[in-house]
Amino acid sequence: MKDHQIQVRVRYSETDQMGVVYHGNYVPYFEIGRVEWLRNKGISYKIMEESGIALPIVSMNINYKKSAHYDELLTVHTTFKSQSSVKIEFDCAIYNESDELLTTAQFILVFLSLKTGRPTAPPDYILELLKTIE
């Protein structure tokens, strides 16, 4: 239950003239993975924001191993790593259709009150979810 996978097809606009995915376009793939990880656990990011909580990235580390190419079907793996006070951490990876590892990443996000703009404790429903998967 710590893991989730989602597939994303590389669009032409995400590539250079050689059909290789531009390095900055991996970040949205990982964002899709994290949002869908939450959705898969019954948590809507949209509803969380409407209730006054956001999850901005405060740290990210990306390691590019191989290039993704136009029209490839990528699998984004998102794994919950840990949660402490106001932070949550994820390990992520992207594989191509041949199951080759293309990219790995680690993300730290902080629960942020949209009202105050300051870090805040996660909502109770998030804490309950995390207790079940740690």
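The following paragraphs examine the structure supplied in this document.

The rules behind the values
- Residues numbered from 1 in each chain as written.
- Predicted model: local features only at pLDDT ≥ 70, side-chain atom pairs only at ≥ 80, totals over all residues.
- Heavy atoms only, no water.
- Pairing = 2+ DSSP bridges.
- Helix = DSSP H or I, 4+ residues; strand = E, 2+ residues; numbered from the N terminus.
- Phe/Tyr/Trp six-rings, centres within 6.5 Å; stacked < 30°, edge-to-face > 60°.
- Lys NZ or Arg CZ within 6 Å of the ring centre and 35° of its normal.

For the rest of this paragraph, the subject is the pairing of strand β5 (residues 87-95). Two elements, strand β4 (residues 73-84) and β5, share nine bridges in a ladder whose sense is antiparallel. By the bridge assignment for β5, Val76 is matched with Ile94. Hairpin geometry of β4 and β5 is characterised by an intervening segment of two residues between the two adjacent antiparallel strands and by a positive phi of about 40° at Ser85. Of the strand pairs in this sheet, β5 and strand β6 (residues 101-110) are connected by nine bridges, and their pairing is antiparallel.

This part takes up the packing of aromatic side chains. Within the structure shown, the criterion is met by seven aromatic pairs. Relative to Tyr70, the ring of Tyr12 has its centre 5.5 Å away and its plane inclined at 90°; by these criteria the two rings are edge-to-face. Linking Tyr12 in the loop between β1 (3-9) and α1 (26-40) with Tyr70 in the loop between β3 (57-64) and β4, this pair joins segments that are 58 residues apart in sequence. With 5.2 Å between their ring centres and 70° between their planes, Tyr26 and Tyr64 make a pair best called edge-to-face. Taken together, the residues Tyr26 in helix α1 and Tyr64 in strand β3 connect sequence positions 38 residues apart. Just above the ring of Phe107 sits the side chain of Arg34; from NZ or CZ to the centre is 4.3 Å.

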